Amino acid sequence: MATIFNNISYHHSIIHCACNNNNTNRINLCPNLGSPPFKKPLILFPRKNLLNYSGISRTVSAISSGVREEALPPALDSSSDPPPIFDGTPKLYISYSCPFAQRAWITRNCKGLQDTIKLVPINLKNRPSWYKEKVYPPNKVPSLEHNNEVKGESLDLIRYIDANFEGPSLFPDDPTKIEFAEELLSFTSSFSKAVTNSLKENSTNEAGAAFDEIEIFLSKFDDGPFFLGQFSLVDIAYAPFVERYQPFFFEVMSYDITSCRPKLAVWIEEMNKIEAYKQTQRDPKEHVETYRKRLVSLKS
Ligand SMILES: N[C@@H](CCC(=O)N[C@@H](CS)C(=O)NCC(=O)O)C(=O)O
């Protein structure tokens, strides 16, 4: 599972973009559609700019240092006994394939909480009945058992984990960045809706416009390659979705989401260096198949 993007070259590739990379307001200047057979995207990003981001090494190395490879437990199914519930050990219930759960899992890893918050993976296709009955009545993942309560909703959970557990802070102090973080966190649902609409219409128009928005967002702060400059919960909120959209759009829609979006290309590359995130990634082929099925169900 930790191998994910290691076996593909989408974001580690070279560099080649004919459009004006400084004009982040352009829409559809670079329509991005190639006719198959389609080459792996060639992304040109100004590596020397990365070296100017003084914050990267500080934040990300703090997160990555001490992150060790974790043996992931098997997913529990309808035949599995529940873990000891409300025994005082915080537990994060996830599904390995769920992007919402992945947000909470990345946050837990980035805070270095592997020994504090126990990971409890659930097989959603063959869900144990005790999960709904005894743990989390909405019957969704993620959920977090902490202090004799169970909470859900991924965007609430990542904030909760950040605020209530030890480890590096993943939310800014600066009021301008806080305001922007709120805007970006709110945009996550519009982003996913735009992609879903694109899939329904078999067109990249709406998704392309949403990726253009992302490119503009990534241009706001220049003290690092992340949404708020420095790595934060905002990056964690977007990463699981971009991880799925990038290979799906590339393989199925022949659309390279990083083409003419140099900030997004760099963001993906930098995210993929974060060990705490890498440990949560899945094989891109699996994402492509999941979204292929989703596409069929959206159209039927
Ligand atoms: N808004 C929720 C969405 C969570 C969600 O939809 N999780 C899916 C898995 S990716 C789930 O548990 N589905 C089970 C179901 O709907 O029965 C969040 O952000 O946590």
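About the thresholds
- Residues numbered from 1 in each chain as written.
- Predicted model: local features only at pLDDT ≥ 70, side-chain atom pairs only at ≥ 80, totals over all residues.
- UniProt positions renumbered as here; feature names shortened; annotations may be inferred.
- Helix = DSSP H or I, 4+ residues; strand = E, 2+ residues; numbered from the N terminus.
- Buried ≥ 20, exposed ≤ 12 C-beta atoms within 10 Å, placed from the backbone.
- pLDDT = per-residue confidence, 0-100.
- Contact = placed C-beta atoms within 7 Å.
- Arc of directions from axis to C-beta.
- Axes fitted to C-alpha atoms, helices over the stretch in contact; angles between N-to-C directions.
- Parallel < 35°, antiparallel > 145°, perpendicular 65-115°, else oblique.
- Left-handed = near helix turned anticlockwise from the far one by under 90°.
- Nonpolar A, V, L, I, M, F, W, Y, C, P; charged D, E, K, R; others polar.

By the naming in an unreviewed UniProt entry, the chain goes by glutathione transferase and is assigned to Erythranthe guttata. If you open the UniProt record of the chain and go to Sequence similarities (unreviewed entry), you find "Belongs to the GST superfamily. Lambda family." What UniProt records for the chain under Catalytic activity (unreviewed entry) is the sentence "RX + glutathione = an S-substituted glutathione + a halide anion + H(+)".

A separate point is unusual backbone geometry. The peptide bond linking valine 141 to proline 142 adopts the cis configuration, its omega dihedral lying at 5 degrees. With respect to the element layout, proline 142 can be found in the loop between helix H4 (129-135) and strand S3 (143-146). Located in the positive-phi region is glutamate 153, a residue other than glycine, with phi close to 70 degrees. Along the polypeptide, glutamate 153 turns up in the loop between strand S4 (149-152) and helix H5 (154-164). By the C-beta count within 10 Å, which is 16 here, glutamate 153 ends up partly exposed. With a phi close to 65 degrees, cysteine 260 is a non-glycine residue in the positive phi region. You can call cysteine 260 buried: it has 26 C-beta atoms within 10 Å.

When pLDDT is low, close inspection of the predicted coordinates is not appropriate. On average, residues of the chain score 84 in pLDDT, and 78% of them reach the 70 mark or higher. pLDDT under 50 marks residues 1-57. Its contacts with residues more than four places away, or in other chains, come to 92 contacts.

This part takes up H5. When H5 is considered as a whole, its buried residues turn out to be Ser154, Leu157, Ile158, Ile161 and Asp162. For H5, the angular spread of the buried residues around the axis is 130 degrees, confining them to a single face. For H5, exposure combined with an orientation more than 90 degrees from the buried face picks out Asp156, Ala163 and Asn164. Contacts from the buried residues of H5 go to helix H3 (99-110), S3, S4 and helix H8 (233-252).

Helix H7 (residues 205-217) packs onto helix H6 (residues 175-201) with a crossing angle of 155 degrees between their chain directions and a minimal axis gap of 7 Å. Between H6 and H7, the angle is such that the two are roughly antiparallel. Relative to H7, the crossing made by H6 is left-handed. Contacts from Leu184, Phe191, Ala194, Val195, Asn197 and Ser198 of H6 reach H7 at Asn205, Glu206, Ala207, Ala209, Ala210 and Phe217. Within the contact of H6 with H7, the residues separate by chemical class into eight nonpolar, three polar and one charged.

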